[in-house]
Amino acid sequence: MNPDDLTGETAYETARELGRANARDPLQGLRRPSRRGLLRLSAGAGLGAALAGTAAAPRAAASTGPAATAAGIVKPLPPELFVQHGTNAETRWEAMRGQGYLTRADRFFVRNHVSTPLIDARTWRLRLWGTGLHGAPPEARPVEFSYEDLLGMRAETITAFIECTGNGRGFYTSQQGQKVSGTPWRLGAVGVAHWRGVRLASVLERAGLTREAVDLLPRGLDDEYIDRGENLGRVRRPLPVAKALKDVLLAYEMNGAPLPPDHGYPVRLVVPSWVGIASIKWLGDIQVSDQPLYSPWNTRFYRLFGPGHPPEGSAPLTRMNVKSAFELPWDATLTRGRTHVLHGRSWSGNGRVRHVSISTDGGATWHRARIHGADAPGGWVRWEYPWRCPGTTGRYELLARATDETGATQPDTAPYNTFGYLFGAVVRHPVTLV
Ligand SMILES: Nc1nc2c(c(=O)[nH]1)N[C@H]1C(S)=C(S)[C@@H](COP(=O)(O)O)O[C@H]1N2
Ligand SMILES: [Mo]
């Protein structure tokens, strides 16, 4: 197994268990900053706090003031762009029609466990602490970075989708007749953006990551999450050090503008190709540990449970699977007897999408869609297919099936799991010809 390829669930689990034995020291040869370097880094208001030396990583100032919508989401959620599900908002796929490659912030889905906090970037600090940093406890000092510190570091821009692990969950029920728990998303819990920020690797290097570090635990500043009466604490999800050093970004910009409040202002993680939960928003602190870390978000949730899985569930989920969506309203109305150019997008956490096939007769015959534009790795591809509609009125189903560069293709049915994660089957999109 390639120790760098922390992509599958098994690799994730192995890396977490074997720790440093498995992940070669990726910082070998990199200069470690002196303590003085760190002080310079957190010059200004951050200095005192950086020296205060509390390992408990208390919560930074964040106000969860009245948000603009009942959902606890700040941006407007016009019904032509979003379907609301409690504290979450799903992008309508027809709102992507005529758009460019990226998902604009005004229509990017929002997945909030609680509600969007309003954070002041001037007092915000990112705190790194734990046994995976140089200086063993109790001398270990948390290392702090201000917003300005991060803006002053070398910036990088990546293109990546963020997709909720439960995207498509609703189809377990509507298409497969299965009962699952969680938000019944259709396919709108995904978006692609340009994310600009600092490599997490650079920040870890400056903070003094040790060779023994195996896991990080990034944690958000939003309110504690209460799950059916049980307080699970603030949203946090372990991330193996090897993935963190590979391609994870501490993002402060989305599509060329500061992150909007709902998408993690001032700083969020972007963990390319992985389940959306990994991309912690409103990042407040990161525990860095020489031991494997656990939270309900990698034990209780984001594993596969149910028949065929052990009682404790599968390994924690990592990469997203391959999916496709039409840029059409759910149950679109089209005029019969004409040619309609169907548009859509396909994406995969395994890498690039190689080809996409369309069926307009319920899956009996398939035709290649024309893929246009080169896809950015980590993003999606756009495609189109001219459908010569039958001359008769009635209900039809449109199917799109993508295959990615690993050869993974969308099956007819998605394997059941109780939380309805990773629905990757071909979706039967209803249209009515009039
Ligand atoms: N702090 C925090 N980070 C979070 C969440 C959250 O509720 N709180 N939700 C996660 C989940 S489940 C997903 S799918 C993505 C959604 O990102 P978005 O709302 O910017 O689309 O954020 C992740 N990061
Ligand atoms: Mo999610």
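Reading guide: rules and limits
Residues numbered from 1 in each chain as written. Chains lettered and ligands numbered in written order. Predicted model: local features only at pLDDT ≥ 70, side-chain atom pairs only at ≥ 80, totals over all residues. Heavy atoms only, no water. Phe/Tyr/Trp six-rings, centres within 6.5 Å; stacked < 30°, edge-to-face > 60°. Helix = DSSP H or I, 4+ residues; strand = E, 2+ residues; numbered from the N terminus. Buried < 20%, exposed > 50% of the residue type's maximum accessible area, 1.4 Å probe, protein only. Lys NZ or Arg CZ within 6 Å of the ring centre and 35° of its normal. Core = buried A, V, L, I, M, F, W, Y, C linked by side-chain atoms within 4.5 Å. Domains from an automatic or database assignment. Contact = heavy atoms within 4.5 Å. Pairing = 2+ DSSP bridges. Near = heavy atom within 4 Å. Polar contact = N/O pair within 3.5 Å; in protein donor to acceptor, adjacent residues only side chain to side chain. Areas by Shrake-Rupley, 256 points an atom, 1.4 Å probe, with all protein chains shown as cover. Nonpolar A, V, L, I, M, F, W, Y, C, P; charged D, E, K, R; others polar. Salt bridge = Lys/Arg side-chain N within 4 Å of Asp/Glu carboxyl O. Axes fitted to C-alpha atoms, helices over the stretch in contact; angles between N-to-C directions. pLDDT = per-residue confidence, 0-100.

Notes on the packing of aromatic side chains
Using the criterion set out here, one finds 18 aromatic pairs in the structure. Consider the rings of Y172 and F423, whose centres lie 5.0 Å apart with planes at 85 degrees: the pair is edge-to-face. Of this pair, Y172 sits in helix α5 (residues 170–174) while F423 sits in the loop between β22 (394–404) and β23 (428–433), and the two are 251 residues apart along the sequence. On the basis of an interplanar angle of 70 degrees and a centroid distance of 5.9 Å, the ring pair of F305 and F419 is categorised as edge-to-face. Highlighted residues: F305 in the loop between α8 (296–299) and β15 (323–326) and F419 in the loop between β22 and β23, separated in sequence by 114 residues. What makes F305 buried here is its relative accessible area of 14%. A relative accessible area of 18% means that F419 is categorised as buried. Grouped by ring-pair contacts, the aromatic residues Y225, W297, F301, Y302, F305, F419 and Y421 constitute a single cluster. For the cation-ring pair, R401 lies above W366, with the distance from its terminal atom to the ring centre recorded as 4.0 Å.

Comments concerning the nonpolar core
In terms of nonpolar packing, the biggest core is built from 71 residues, with L128 and L200 touching the most fellow members. Both domains that furnish three or more residues to this core are identified here as domain 1 (9–299) and domain 2 (323–433). Setting aside chain neighbours within four positions, we find L128 in contact with L133, R141, P142, V143, F145, V203, L204, A207, I286 and V288. In terms of nonpolar packing, the next biggest core, distinct from the first, is built from 20 residues, F326, V353, V356 and L398 among them.

As for the pairing of strand β21 (residues 380–388)
It is a general feature of regular strands that their side chains alternate between the two faces of the sheet. Direction of pairing for strand β17 (residues 339–347) relative to β21: antiparallel, over a ladder of nine bridges. Along β21, the bridge assignment pairs L342 with Y385. Where strand β20 (residues 370–372) lies against β21, three bridges are found, and the strand directions are antiparallel. The partner of H372 across the bridge, within β21, is R382.

Points about the site of ligand 1
Around ligand 1, 20 residues are found, and the nearest of them are F109, D222, H263, R268 and K281. Between ligand 1 and the protein, one listed contact pairs an oxygen atom with a side-chain N or O atom of H263 at 2.7 Å. Note that an oxygen atom of ligand 1 is positioned 2.6 Å from one of the side-chain N or O atoms of K281. Burial of ligand 1 by the protein amounts to 100% of the accessible area it has alone, namely 530 Å². Residue composition of the shell around ligand 1, grouped by class: ten nonpolar, six polar and four charged.

Quick word on the pattern of salt bridges
Here the structure, examined in full by the defined rule, presents 17 salt bridges. The residue R300 makes a salt bridge to D227 at a minimum N-O spacing of 3.3 Å. Taken together, the residues span a long stretch of sequence, with R300 in the loop between α8 and β15 and D227 in strand β8 (residues 226–227) at a distance of 73 residues. Residue R300 is classed as partly exposed on the basis of its relative accessible area, which comes to 31%. With a relative accessible area of 9%, D227 lands in the buried category. Of the charged contacts in the structure, one is a salt bridge between E230 and R300, with a shortest N-O distance of 3.0 Å. With E230 in strand β9 (residues 230–231) and R300 in the loop between α8 and β15, this pair connects stretches of sequence that are 70 residues apart. We classify E230 as partly exposed; its relative accessible area is 37%. Where salt bridges share partners, they join D227, R228, E230 and R300 into one cluster.

Some remarks on helix α6 (residues 200–207)
Counting buried residues in α6 gives six out of eight residues, a clear majority hidden from the surface. Of the residues trailing α6, G208 is marked for its positive phi of about 90 degrees.

Focus on the sheet that holds β17
Across the sheet, which stays open at both edges, the four strands sit in the order β15-β17-β21-β20 with antiparallel pairing between neighbours. Of all strands in the sheet, those bounded by a partner on one side alone are β15 and β20. Strand-to-strand twist of the sheet, defined as the mean angle between neighbouring strand axes without regard to direction, takes the value 30 degrees.

Describing the side chain of Q99
Mapped onto the secondary structure, Q99 falls in the loop between β2 (88–91) and β3 (125–129). A relative accessible area of 17% means that Q99 is categorised as buried. When sequence neighbours within four positions are dropped, the list of residues in contact with Q99 reads R104, R107, R345 and R382.

A look at the confidence of the model for the protein
Across the protein, the average pLDDT comes to 88, with 83% of residues at or above 70. Mean pLDDT across the secondary structure elements of the protein bottoms out at helix α2 (residues 35–41), with 31, and peaks at strand β13 (residues 268–270), with 99. Across residues 1–7 the pLDDT falls below 50, and counting only partners more than four positions away or on other chains, this stretch makes 19 contacts in the model. Note on residues 18–67: pLDDT is under 50 here. Beyond four places in sequence and across chains, it has 78 contacts.

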